[in-house]
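Fold and geometry: a report
Spelled out, the chains give:
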Amino acid sequence: MSSAQAIFEELDFTYAQDNIYFQTIDSILDAADRLALPKRLKLILSQPKNELIVHFPVSMDDGSVRLFKGYRVQHNNVLGPYKGGIRYDNSVHLDHIKALAAIMTVKCALMRLPLGGGKGGVQFDPRSLSSDELMRVTRRFTSALGTNIGPDVDMPAPDVGTNAQVMAWMADTYINLDTKRKVSGLSVVTGKPLSFGGSMGREKATGQGLVYVLEEMLPEYGMSIHECTFAIIGFGNVGSWTSKLLHERGCTLKAVADHTGALYEEKGIDPFALDRHVQEHGSISGFPLADPISEEEFYCQRVDLFIPAALEQMIDLEKAEWLRCKVIVEAANLPLQQEAESYLLGKGTKILPAVLCNAGGVTVSYFEWKQNRQSETWDLDRVDRRLKRVLIQAARRVKDMAKQQQCDLRVASTCAALEHINEVYEMRGIFP
Ligand code: GLU
């Protein structure tokens, strides 16, 4: 019986083996067992501290009223206030958000940020709403969350389907609800627009962090970031910035896919031109400087790096069997289904886990929060230098743990995070 099964049985909670929350907690508790960490830590981490579900009505442009369902899950705050994105997507549901919140706990701890893990979302397709409707959903959701979020409590950020504009509406709503916090209320969310308390470098931060991690990790595999080929799924904020920054370092983007299809160009696709196309047309479809290919052809491309930068659980066993890459670089959280991951590790493919590779986003969010609280504005050079330092130290921590434990990098990342969380629990003890 796995560690998570034993704990959930004791708590009288039932989860199916293919449930994403069960699988996420299972891998966290496995790492805890490997380090022989105390049972109380496993019990605490097995469930989020708070799960908030809200239902709220919104007036639509045509005069009708629609009821929305929103979530905010606060997994753990032993290291500091909860932190994590808010997503707008049709696929949002409770166990999914719980899994992502637990991953944020691991990610913040691995980076040694003074932050805990949270995640939230509203279940709808943001592309189907007008900008005014989107604003009303955001304001109503923020007011429904009320004081469950706040600059010392829980700070949301952009995620799938949300952006700097959504964060500006959230901050404005929060400030209007709590008039005593006219100035300090700004840091209730990060990823805001630059002119309204945002940080330099936040928009590109996830892609930038991923590049710093690759610079540190690829030489281990005898590879150089200056001459890699890569394929990427997802060309939103993370996918486009990752592609542009890798291209600037000399990598070649051979193939790209999004929800509309896939494209290939042997000589390489210019990600800057593709980004302009996506800004104008909303997807990669119809980009004239590459050839459309099938999904199977996309996955079968022989490339050095394969970068999932879209939604969770996209790669099942069949797709994993198609892959011909040396390294999988997880820009998105949980992109691999469990059997896909076991298959790939079994055939020797390296997997760089999301808690390390995409932690640039939350790290620059932390810098933004810090700047807001200290009324400071850092220049881009300062943000990038600090980001690089945080990520390189984390990457080295993971490499050391992998050597010490003789394990893969996902297990090593989780172990390196849990070691820190446990140390803090040892010092703080359990209240009262
Ligand atoms: N949504 C991003 C993540 O999942 C960023 C979170 C944040 O900046 O707080 O890592």
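See above for the structure.
Structural notes, computed from the coordinates. (Residues numbered from 1 in each chain as written. Predicted model: local features only at pLDDT ≥ 70, side-chain atom pairs only at ≥ 80, totals over all residues. Heavy atoms only, no water.)

A separate point is the overall build of the protein chain. When you go through the protein chain residue by residue, the secondary structure sums to 16 helices and 12 strands. Compactness check: the protein chain gives a C-alpha radius of gyration of 21 Å against a globular reference of 22 Å for 432 residues, within 12% of the reference. With the C-alpha coordinates aligned to their principal axes, the bounding extent of the protein chain is approximately 55 × 55 × 45 Å. Across the 432 residues of the protein chain, 59% fall into the buried class. In the protein chain, the share of contacts with a sequence separation of at least 24, taken over all contacts with a separation of at least 6, comes to 68%. Just so you have it, the protein chain exposes about 17800 Å², and 49% of that area is on carbon and sulfur atoms. Positive and negative charge centroids in the protein chain, built from 48 and 54 side chains respectively, lie 7 Å apart. (Helix = DSSP H or I, 4+ residues; strand = E, 2+ residues; numbered from the N terminus. Rg over C-alpha atoms; globule rule 2.2 N^0.38 Å. Buried < 20%, exposed > 50% of the residue type's maximum accessible area, 1.4 Å probe, protein only. Contact = heavy atoms within 4.5 Å. Areas by Shrake-Rupley, 256 points an atom, 1.4 Å probe, with all protein chains shown as cover. Lys, Arg positive; Asp, Glu negative; His and termini not counted. Charge placed at Lys NZ, Arg CZ, Asp CG, Glu CD.)

What follows deals with the pattern of salt bridges. With the rule as written, the count across this model stands at 28 salt bridges. Note that Glu10 and Lys39 form a salt bridge whose closest N and O atoms lie 2.8 Å from each other. Of this pair, Glu10 sits in helix H1 (residues 3-11) while Lys39 sits in helix H3 (residues 39-46), and the two are 29 residues apart along the sequence. A salt bridge links Arg87 to Glu312, with the shortest nitrogen-to-oxygen separation between them at 2.9 Å. Of the two residues, Arg87 is situated in strand S3 (residues 82-88) and Glu312 in the loop between strand S10 (302-308) and helix H11 (317-322); the sequence distance between them amounts to 225 residues. A cluster of three or more residues bridged by salt bridges with shared partners is formed by Arg87, Lys119, Asp159 and Glu312. (Salt bridge = Lys/Arg side-chain N within 4 Å of Asp/Glu carboxyl O.)

Take the packing of helix H15 (residues 380-405) against helix H16 (residues 409-428) next. Orientation of H15 relative to H16, taken along the N-to-C sense of each, is 105°, at an axis distance of 8 Å. Put simply, H15 runs roughly perpendicular to H16. Each of Arg397, Val398, Met401 and Ala402 in H15 lies in contact with H16, whose residues at this interface are Leu409, Ala412, Ser413, Cys415, Ala416 and Glu419. Considered class by class, the residues forming the contact of H15 with H16 number 7 nonpolar, 1 polar and 2 charged. (Axes fitted to C-alpha atoms, helices over the stretch in contact; angles between N-to-C directions. Parallel < 35°, antiparallel > 145°, perpendicular 65-115°, else oblique. Nonpolar A, V, L, I, M, F, W, Y, C, P; charged D, E, K, R; others polar.)

The strands that make up a sheet pair up through hydrogen bonds in the backbone, lying either parallel or antiparallel. Within the open sheet, the 7 strands sit side by side as S9-S8-S7-S6-S10-S11-S12. Their pairing is mixed. The two strands at the open ends of the sheet, each matched to only one other strand, are strand S9 (291-293) and strand S12 (350-352). Adjacent strand axes in the sheet meet at a mean angle of 25° when their direction is disregarded. Two strands pair when backbone bridges link them, and S10 and strand S11 (residues 324-329) are joined in this way by 4 bridges, in the parallel orientation. Looking at the pairing, Val303 lines up with Cys325 of S11. The strands that helix H8 (residues 237-248) touches are strand S6 (229-233), strand S7 (252-258) and S10; relative to S6, the one it contacts most, it runs at about 170°. (Pairing = 2+ DSSP bridges.)

In this section: the sheet that holds strand S5 (residues 154-158). Taken together, the 5 strands give an open sheet; going across it, the order is S1-S2-S4-S3-S5, and neighbouring strands pair in mixed fashion. One side of each edge strand has no neighbouring strand; the edge strands of this open sheet are strand S1 (50-59) and S5. Strand-to-strand twist of the sheet, defined as the mean angle between neighbouring strand axes without regard to direction, takes the value 20°. Pairing of S3 with strand S4 (residues 116-122) involves 5 bridges; the strand directions are parallel. Counted as the bridge partner of Tyr88 is Val122 from S4. Relative to S4, helix H4 (residues 94-110) is tilted by about 150°, and along the sheet it contacts S1, strand S2 (65-76), S3 and S4.

Another point: helix H2 (residues 20-34). Turn by turn, an α-helix covers 3.6 residues, leaving residues three or four places apart pointing in a common direction. With 15 residues, H2 should cover 21 Å at 1.5 Å per step; its first-to-last C-alpha distance of 21 Å lies within 8% of that length. In terms of residue burial, H2 counts as a mostly covered element, since 11 of its 15 residues are buried. When H2 is considered as a whole, its buried residues turn out to be Ile20, Tyr21, Phe22, Gln23, Thr24, Ile25, Asp26, Ile28, Leu29, Ala31 and Ala32. In the core, the buried residues of H2 are packed alongside H1, H3, S2, H4, helix H12 (338-346) and H16. Immediately downstream of H2, the backbone of Ala36 shows phi near 55°, a positive value. (Expected span 1.5 Å × (residues − 1).)

What follows covers the packing of H2 against H4. At a minimum axis separation of 8 Å, H2 and H4 run at an interaxial angle of 25°. Relative to H4, the element H2 lies roughly parallel. The chirality of how H2 crosses H4 is left-handed. Between H2 and H4, the contacting residues are Ile20, Tyr21, Thr24, Ile25 and Ile28 on the first element and Asp95, His96, Lys98, Ala99, Ala102, Ile103 and Val106 on the second. (Left-handed = near helix turned anticlockwise from the far one by under 90°.)

As a volume, the second largest pocket reaches approximately 640 Å³. For the lining of the second largest pocket, the secondary-structure elements that each account for two or more residues are H2, H4, H12, helix H13 (354-357) and H16. Looking at which element gives the most residues to the lining of the second largest pocket, the answer is H2, with 9 residues. Here the residues of the lining of the second largest pocket sort into 12 nonpolar, 8 polar and 7 charged. (1 Å grid on protein atoms, 1.4 Å probe; cavity = no way out; pocket = protein on both sides within 12 Å on 5 of 7 lines; lining within 4 Å. Points joined across faces, edges and corners; volume = space filled by probe spheres on them.)

This part takes up the packing of aromatic side chains. Evaluated as defined, the whole model comprises 15 aromatic pairs. Taking the centre distance of 5.6 Å and the plane angle of 50° together, the rings of Tyr15 and Tyr21 count as tilted. Accessibility classification places Tyr15 together with Tyr21 in one group, the buried group. Arranged with centres 5.4 Å apart and planes meeting at 85°, the rings of Phe68 and Phe124 form a pair that is edge-to-face. Taken as a pair, Phe68 in strand S2 and Phe124 in the loop between S4 and helix H5 (131-145) lie far apart in primary sequence, 56 residues in all. Exposure remark for Phe68: the relative accessible area of 2% places this residue in the buried category. Residue placement shows Lys244 over the ring face of Trp241; its charged tip is 4.1 Å from the ring centre. (Phe/Tyr/Trp six-rings, centres within 6.5 Å; stacked < 30°, edge-to-face > 60°. Lys NZ or Arg CZ within 6 Å of the ring centre and 35° of its normal.)

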